[in-house]
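Remarks on the overall topology
Listed below are the residues making up each chain.
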Amino acid sequence: MLETERLIIRPINEMDFKDICQYGCDEETGQYMIYWPKSKEQIKVFINDCITSMGSEYPTWYEYVMQLKSTLKVIGNITLEIKKLEAEIGWISNKKYWNNGYMSEAVNRVISFAFNDLSMCKIMATCTDKNIASYKVMEKCNMKRISEENNHKSIRQGIEVTYNKLTYCISRK
Ligand SMILES: CC(C)(COP(=O)(O)OP(=O)(O)OC[C@H]1O[C@@H](n2cnc3c(N)ncnc32)[C@H](O)[C@@H]1OP(=O)(O)O)[C@@H](O)C(=O)NCCC(=O)NCCS
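Definitions and limits used
- Along each chain, residues carry numbers from 1 onward, in the same order as the chain's sequence is written.
- Two thresholds apply to this predicted model, a pLDDT of at least 70 for residue-level local features and 80 or more for giving and counting side-chain atom pairs, whereas whole-chain, interface and lining totals are computed over all residues.
- In DSSP terms, a helix is any run of H or I states spanning at least four residues, a strand is any run of E spanning at least two, and both are numbered starting from the N terminus.
- Computation of the radius of gyration draws on C-alpha atoms, with the globule rule given as 2.2 Å multiplied by the number of residues to the power 0.38.
- Here the C-beta atoms are placed from the backbone, and a residue counts as buried if at least 20 other C-beta atoms lie within 10 Å of its own, exposed if 12 or fewer do, and partly exposed otherwise.
- What counts as a contact is two residues whose backbone-derived C-beta atoms lie within 7 Å of each other.
- Between any two strands, pairing holds if DSSP finds at least two bridges.
- Axes, fitted as lines to C-alpha atoms, cover a helix only where it is in contact. Angles between the N-to-C directions of the axes lie from 0 to 180 degrees.
- We call a residue near a molecule or strand if the C-beta atom, set from the backbone, is within 6 Å of it.
- Basically, the charged four are Asp, Glu, Lys and Arg, the nonpolar ten are Ala, Val, Leu, Ile, Met, Phe, Trp, Tyr, Cys and Pro, and anything else, Gly included, counts as polar.
- Angles below 35 degrees are treated as roughly parallel, those above 145 as roughly antiparallel, those between 65 and 115 as roughly perpendicular, and all remaining angles as oblique.
- By convention the crossing between two helices is left-handed if the near helix lies anticlockwise of the far one by an angle smaller than a right angle, and right-handed if it lies clockwise.

1. Concerning the overall build of the protein
For the protein, the helix and strand inventory stands at four helices and eight strands. Along the protein, helices (α) and strands (β) appear in the sequence β-β-α-α-β-β-β-α-β-α-β-β when read from the amino end. For a compact globule of 173 residues, the expected C-alpha radius of gyration is about 16 Å, and the protein comes in at 15 Å, within 12% of that figure. In terms of principal-axis extent, the alpha carbons of the protein reach across some 40 × 40 × 35 Å. A burial count over the protein gives 29% of its 173 residues as buried. Look at the contacts in the protein between residues 6 or more apart in sequence, and 59% of them connect residues 24 or more apart.

Here is the structure:
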């Protein structure tokens, strides 16, 4: 378990289902994401997959939730995908709690965990240039923009989408 001033950050578990559905099923919240929103059924499968991955000897996928210390409500998820000595980080949170600095607070802590406890050398994050809140989180966590790729193509829910992709990075000091 990781901690910040206002948050507990811990591995996801089955009990988080209800809180995650509150933001994970929301169309607006997932509008800039490839794998969200999800149906309740998909969230159930997702949580089970996360638990299986984190239970393996060398996990390549860590899924954390951030929980308010004050109420214990789960208000967001942070994903770390491990690729040898590099990790890709991603996030999503409940829109009732946006713009209070919660995600930056959590991501800063997860980045230090990835460097210090998982021995990662580099952490990357990507988003569309329309997702200002997301790249603000990257900037508030001292990540630097390393590339901008216009008209990047990806598949979202079976449909090809095109967006301007920003990539940010932070290296271990
Ligand atoms: C991205 C997300 C996790 C941010 O969570 P959050 O807890 O609101 O993040 P923080 O409060 O730590 O930081 C957000 C920053 O963006 C700023 N911001 C948000 N919208 C903005 C806008 N339209 N213009 C300028 N700044 C904006 C906020 O003011 C804040 O900066 P500040 O603290 O300097 O004022 C949340 O918006 C979210 O879940 N979005 C939907 C899912 C998603 O898109 N995930 C990322 C996919 S790449």
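Now that the structure has been shown, we can carry on.
2. Focus: the sheet that holds strand β3 (residues 61–68)
Ordered in space as β1-β2-β3-β4-β5-β6-β8-β7, the eight strands form an open sheet in which the pairing is mixed. Every interior strand has two partners, whereas the edge strands, β1 (2–3) and β7 (144–156), have only one. Here β3 pairs with strand β4 (residues 74–83) via seven bridges, running antiparallel. Bridge pairing in β4 links Met66 to Gly76. Most of the contacts of helix α2 (residues 40–54) go to β3, to which it runs at about 115°, and overall it touches β2 (7–11) and β3.

3. Considering the site of the ligand
In the vicinity of the ligand there are 21 residues, among which Met103, Ser104, Cys127, Ala133 and Lys136 approach most closely. Counting only elements with at least two residues in the shell around the ligand, the list comes to β5 (86–93), α3 (102–116) and α4 (132–140). In terms of residues, the shell around the ligand owes the most to one element, α4, which gives five residues. Of the residues belonging to the shell around the ligand, the class tally is eleven nonpolar, nine polar and one charged.

4. Notes on the packing of helix α1 (residues 17–24) against α2
Interhelical geometry of α1 versus α2 gives an angle of 125° and a closest axis separation of 10 Å. Our classification of the angle between α1 and α2 gives oblique. Read as a crossing pair, α1 and α2 show a hand that is right-handed. Residues Phe17, Ile20, Cys21 and Gly24 of α1 form the contact with α2, whose participating residues are Lys40, Ile43, Lys44 and Ile47. Classifying every residue of the contact of α1 with α2 gives five nonpolar, one polar and two charged.

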